Amino acid sequence: MQVLLPMRPRFAELLTRQWLKPLSLRAFSSSSDYSNQSRGGLPRFFSEVIPSSKGGVVRVQDDEFWHMTKVLRLSTDDRVELFNGKGGLVEGCIQKIDRNGLDFLALEDPKLVLPDTTKWHVFAAFGTLKGGRADWLVEKCAELGASSVTPLLTERSPSISENRVDRLQRVILAATKQCQRLHEMILNPPTKIDGLLPLLAQSKLSFLAAAEATPVVSVLASSRKESSGLIIVGPEGGENIL
């Protein structure tokens, strides 16, 4: 099993190169906020827009509409929950159904659940994984509470197809709903090593996956808790990403 260890000295040397420019990191909310949710309760569905107050109505269409009406066969007056992937959650019911979608009526004011754990940003070189293994990797990152995943491009994995990106987005949404997350994991655009190094310079907590290294649990137990951290996983087979 691969474990994680702090950044090697070679990273420090690379980060001192003058050609590196500062890069602002967009921090996306994500956490394992299972304690704030009702497992086994109402069916929960994703909507980018949720009602702002009790009595508000939003339109649900496309995949979530299909899932609600064709898969679960929900009907008018059935109670459900909507979440927006940013910590917002609201309970309501199906007010009206037509051929193109349904209207969701909020029965209470929405709740906003804030993340309360370290936001982990995962950088993984998985462009060459076949047979659903990339799907599995991204799914498990979502289930384990990663805040974001960024495909890491290397010499032998120089690109990721647009079709694969669309598929991974669907995998993330399914995993988010399955494990009852309120903060959706973000799939960032692929980046090369050059784009990763400035982020390492700014991060106070960074780990690189390496065989036979100190278990990450041991390292974290002796580290100060930070609001966010980076986890870097190299190409399949243990090849050095640098």
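In this text the structure is predicted, and so the values were computed from the model without any measurement.

Student: Any details on the overall build of the chain? Residues and values, ideally.
Tutor: Secondary structure summary: the chain contains 6 helices and 12 strands in total. Within the chain, contacts between residues separated by at least 24 positions form 77% of all contacts whose residues are at least 6 apart in sequence. Approximately 13600 Å² of the chain is accessible, and the part contributed by carbon and sulfur atoms is 51%.

Student: Residue-level account of the confidence of the model for the chain, with values.
Tutor: Close inspection of predicted coordinates is inappropriate for parts of the model with low pLDDT. Taken over all residues, the pLDDT of the chain has a mean of 79, while the share at 70 or more is 80%. In the predicted structure, residues 1-39 sits below a pLDDT of 50 and forms 108 contacts with residues beyond four places in sequence or in another chain.

Student: I'd like to hear about the side chain of Ser 206, residue by residue, with values.
Tutor: Here Ser 206 shows up in strand S11 (residues 206-210). Engagement of the side chain of Ser 206 in a polar contact is seen with the side chain of Ser 203, the distance being 3.1 Å.

Student: Got a sec to walk through the pairing of strand S4 (residues 79-83)? Specific residues and values, please.
Tutor: In terms of burial, S4 is a largely internal element, 4 of the 5 residues being buried. Where strand S2 (residues 44-46) and S4 come together, 3 bridges link them in parallel fashion. Across the sheet, Phe 46 pairs through a bridge with Phe 83, a residue of S4. Relative to strand S5 (residues 88-97), S4 is paired through 5 bridges, and the arrangement is antiparallel. Residue pairing across strands places Arg 79 opposite Cys 93, the latter belonging to S5.

Student: Quick one: what's the story with the packing of helix H3 (residues 133-143) against helix H4 (residues 162-178), residue by residue and with numbers?
Tutor: It is at 9 Å that the axes of H3 and H4 come closest, and there the two elements cross at 35°. For the pair H3 and H4, the sense of crossing is right-handed. In this structure, H3 uses Ala 134, Asp 135, Val 138, Glu 139, Ala 142 and Glu 143 to contact H4, whose residues at the interface are Arg 164, Arg 167, Leu 168, Val 171, Ile 172 and Ala 175. Looking at the contact of H3 with H4 residue by residue, the classes come out as 7 nonpolar, no polar and 5 charged.

Basis of the calculations
Residues numbered from 1 in each chain as written. Predicted model: local features only at pLDDT ≥ 70, side-chain atom pairs only at ≥ 80, totals over all residues. Heavy atoms only, no water. Helix = DSSP H or I, 4+ residues; strand = E, 2+ residues; numbered from the N terminus. Contact = heavy atoms within 4.5 Å. Areas by Shrake-Rupley, 256 points an atom, 1.4 Å probe, with all protein chains shown as cover. pLDDT = per-residue confidence, 0-100. Polar contact = N/O pair within 3.5 Å; in protein donor to acceptor, adjacent residues only side chain to side chain. Buried < 20%, exposed > 50% of the residue type's maximum accessible area, 1.4 Å probe, protein only. Pairing = 2+ DSSP bridges. Axes fitted to C-alpha atoms, helices over the stretch in contact; angles between N-to-C directions. Left-handed = near helix turned anticlockwise from the far one by under 90°. Nonpolar A, V, L, I, M, F, W, Y, C, P; charged D, E, K, R; others polar.

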